[in-house]
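# Report on the structure
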Amino acid sequence: MSDLKLNSPLQFVKGVGPRKAEVLAGFGYHQVSDLLYYLPRKYLDRSSISKIDQLKIGETATIIGQVKAHGLLYGRGRRYEVVLDDDSGAITLLWFHSMRFWERLFKKGQIFAVSGRVTFYRGYQIIHPELERLEDDTDRLIHSGRIIPVYPQIKELNKVSLNSRGMRKVTSNIFDNLKEEVADYLSHNVLSDFGIIDLNESLRNIHYPESFEMIESSRRRLALDEILKFQFMVYESKATRTKLIKQHNYSKSKKTNELISQLNFKLTRGQTRSIDDILSDLKKQQPMFRMLQGDVGSGKTVVAIAASIFVAENNLQTAFMVPTEMLAEQHYRNWKETIEKLGFNSALLTSST
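## Re the nonpolar core
- Ranked by size, the top nonpolar core spans 31 residues in total, and within it Leu-10, Val-13, Leu-24, Leu-35, Leu-36, Met-167 and Ile-174 carry the most contacts.
- Secondary structure elements with two or more residues in this core: helix H1 (17-25), helix H2 (32-35), helix H6 (164-177), helix H8 (199-207) and helix H9 (212-242).
- No other element matches the 4 residues that H6 contributes to this core.
- The residues touching Leu-10, leaving out its near neighbours within four places in the chain, are Val-16, Ala-21, Leu-24, Tyr-29, His-30, Gln-31, Val-32 and Leu-35.
- If you look at the next biggest cluster of nonpolar residues, it comprises 20 residues, including Tyr-250, Ile-305, Ala-307 and Ile-309.

Here is the structure:
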């Protein structure tokens, strides 16, 4: 295979081709750099291969062996049994459901990598192991003898043999032949200050790590990228909002002051400051973008009502939204008379009406 670049179309990656590339494009994966971000959902530790005659009861082990016999057995209950041999000895693999699937899967002479907890009942056995079929020595390098990635199972990808096994072949080919590095937008000083690895290293190790510690380091780096991307979107959105100019303006606030004077309680300093801040924002040329936060009973509702009265006095409408119909009815009953005394109409709208 020729050397790959980050912008190489996926159809030219060994194991992909036009048909698979078309399916991948449907999920937004068009070139090599895109597929680097198709991240594993979990990992299987096959970093050490055990011989069957060295297995110990209770340990979790990975073995590679050849199918010597298989079949459906009856007794106290149905079970599917496979005898796996690796020249040092044999072990039994057992499943207690999906019998037809296992009947179709196994054939005598096939090679499988198997991982699971070793138990003993009339001989060594592993119940419901993780397993993958190996076809040749290349398969042994990709699918066993290491920490291997398990990719998300997507129906459309599975149909074109891009299941976890197929995806491993593709990604391993990419990393074996990719001659470019992913440029890091963070400086070495920033990486050092935060104690994180560079982007290129994190992407390689999130797919094919040398240790579980490296997986965690890669996840931390990619998580930081997500946070920074989100923060950039927030600032970009804020910059866009500052360029917007409202077509209406606010000037009157007499009725808001009347509302406050009619309340049978005195506003707290925090409530007064919140109302002042909101009214100040509403008077600006740009749309308001503010979140009011407070504990239960801190007076958020009266602040929102005061802002709504200010809006109504300036000949505009307010939608006062709450999460449940019961709460909507409660607010409507509590504030309807007060709002009407100030000269404004209010109406209740719920999903049932």
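## Here's the deal with helix H13 (residues 325-341)
- In this model, H13 (17 residues) spans 25 Å end to end at C-alpha, consistent with the 24 Å of a helix rising 1.5 Å per residue.
- Residue Trp-335 marks the point of greatest curvature in H13, where the axis turns by about 45°.
- Within H13, burial applies to Ala-328, His-331, Trp-335 and Ile-339.
- Following H13 by one or two positions, Gly-343 adopts a phi angle in the positive range, close to 95°.

## Some words on the packing of aromatic side chains
- Within the structure shown, the criterion is met by 11 aromatic pairs.
- With 5.6 Å between their ring centres and 85° between their planes, Phe-120 and Tyr-124 make a pair best called edge-to-face.
- Its relative accessible area of 30% is what places Tyr-124 among the partly exposed residues.
- Here the aromatic residues Tyr-80, Trp-95, Phe-101, Trp-102, Phe-106 and Phe-112 are joined through ring pairs into a cluster of three or more.
- Its guanidinium or amino end placed over the ring of Tyr-185, Arg-221 lies 5.6 Å from that ring's centre, counting from NZ or CZ.

## Focus on the pairing of strand S8 (residues 147-150)
- Neither face of S8 is exposed, since Ile-147 and Pro-149 on one face and Ile-148 and Val-150 on the opposite face are all buried.
- Bridge count for strand S1 (residues 42-45) against S8 is 4 bridges, and the pairing is antiparallel. Counted as the bridge partner of Asp-45 is Ile-147 from S8.

## Concerning unusual backbone geometry
- The backbone phi angle of Arg-122 is positive, close to 60°, even though this residue is not glycine.
- With respect to the element layout, Arg-122 can be found in the loop between strand S5 (111-120) and strand S6 (124-127).
- Although it is not a glycine, Ser-161 adopts a positive phi angle of roughly 65°.
- Topologically, Ser-161 is positioned in the loop between helix H5 (155-159) and H6.
- Take Ser-161: its relative accessible area is 46%, and that puts it in the partly exposed class.

## Remarks on the layout of surface pockets
- Volume-wise, the largest pocket comes out at about 780 Å³.
- Thr-318, Ala-319, Phe-320, Ser-346 and Ala-347 are, among the 29 residues lining the largest pocket, the residues nearest its centre.
- Secondary-structure elements contributing two or more residues to the lining of the largest pocket are helix H12 (300-313) and H13.
- For the lining of the largest pocket, the leading source of residues is H13, giving 8 residues.
- Its residues assigned to classes, the lining of the largest pocket shows 17 nonpolar, 10 polar and 2 charged.
- Of the pockets and cavities examined, the second largest pocket occupies roughly 510 Å³.
- Surrounding the second largest pocket, 17 residues form its lining, Glu-130, Leu-131, Glu-132, Gln-153 and Ser-164 being those nearest its centre.
- Those elements giving two or more residues to the lining of the second largest pocket turn out to be S1, helix H3 (99-105), strand S7 (130-134) and H6.
- Element by element, the count of residues in the lining of the second largest pocket is highest for S7, at 4 residues.

## Regarding H8
- Across the 9 residues of H8, 7 count as buried, placing the element largely inside the fold.
- For H8, the complete set of buried residues consists of Leu-199, Asn-200, Ser-202, Leu-203, Asn-205, Ile-206 and His-207.
- Residues of H8 that are buried in the fold lie against H2, S1, S8, H6 and H9.
- Capping the start of H8, Asp-198 holds a side-chain oxygen 3.1 Å from the backbone nitrogen of Asn-200, two or three residues further along.

## Some words on the packing of helix H10 (residues 254-262) against H12
- Axis separation between H10 and H12 bottoms out at 8 Å; the angle between their running directions is 145°. When the axes of H10 and H12 are compared, the crossing they make is right-handed. Only Ile-305, Ala-306, Ile-309, Phe-310 and Glu-313 of H12 make contact with H10, whose side of the interface consists of Lys-254, Lys-255, Thr-256 and Leu-259.

## Examining the pattern of salt bridges
- As enumerated under the stated definition, the model contains 8 salt bridges in all.
- Residue Arg-221 pairs with Asp-225 through a salt bridge whose shortest N-O separation is 3.0 Å. Within this pair, Arg-221 and its partner Asp-225 are both found in helix H9, separated by 4 residues, close to a single helical turn. With respect to class, Arg-221 is no different from Asp-225; both count as buried.
- Where Asp-281 meets Arg-290, a salt bridge forms, and the shortest distance between an N and an O atom there is 2.8 Å.
- A residue is classified by how much of its surface remains accessible, and Arg-290, at 44% relative accessible area, is partly exposed.
- Residues joined in a network through salt bridges with shared partners are Asp-184, Arg-221 and Asp-225.

Cut-offs applied
In this convention, every chain numbers its residues from 1, walking through the sequence in written order. Only residues with pLDDT of at least 70 are given local features in this predicted model, and only at 80 or more are side-chain atom pairs given and counted; all residues enter the totals for whole chains, interfaces and linings. Only heavy atoms go into the side-chain values, all of them from the structure, while hydrogens and water stay out. Nine residue types can take part in a nonpolar core, namely buried Ala, Val, Leu, Ile, Met, Phe, Trp, Tyr and Cys, and a core is a set of them joined through side-chain atoms within 4.5 Å. We call a residue buried when its accessible area falls under 20% of the maximum for its residue type, exposed when it is over 50%, and partly exposed in between, using a 1.4 Å probe and counting protein chains only. Runs of H or I in DSSP of at least four residues are treated as helices and runs of E of at least two as strands, each being numbered from the N terminus. When checking whether two residues touch, look at their non-hydrogen atoms; a contact exists if any pair is within 4.5 Å. By this rule, a helix spans an expected 1.5 Å times one less than how many residues it contains. Here the bend at each residue means the angle between axes fitted to two seven-residue stretches, the one ending at that residue and the one beginning there. When two rings of Phe, Tyr or Trp (its six-membered ring) have centres within 6.5 Å they constitute a pair, described as stacked for plane angles under 30 degrees, edge-to-face for angles over 60, and tilted for the intermediate range. Note on geometry: a ring has a charge over it if NZ (lysine) or CZ (arginine) is within 6 Å of the ring centre and within 35 degrees of the ring normal. When DSSP locates at least two bridges between a pair of strands, those strands are taken to pair. Cavities and pockets are defined on a 1 Å grid built over the protein atoms alone: a cavity is a set of grid points where a 1.4 Å probe fits but cannot escape, while a pocket is an open set with protein on both sides within 12 Å along at least five of seven lines, and lining residues are those with an atom within 4 Å of any such point. Grid points are joined across faces, edges and corners, and a volume is the space filled by probe spheres set on the points. Classification convention: Asp, Glu, Lys, Arg as charged; Ala, Val, Leu, Ile, Met, Phe, Trp, Tyr, Cys, Pro as nonpolar; all other residues, Gly among them, as polar. By the criterion applied in these results, polar contacts are pairs of N or O atoms within 3.5 Å in which, for protein atoms, one can donate a hydrogen and the other can accept it, and in which residues neighboring in sequence qualify only through two side-chain atoms. To obtain each axis, a line is fitted to C-alpha atoms, and for helices this fit is confined to the stretch in contact; angles are then taken between N-to-C directions over 0 to 180 degrees. Should the near helix be turned anticlockwise from the far one by less than a right angle, the crossing is left-handed, and should it be turned clockwise, the crossing is right-handed. The working definition used for a salt bridge is a side-chain nitrogen of Lys or Arg within 4 Å of a carboxyl oxygen of Asp or Glu.

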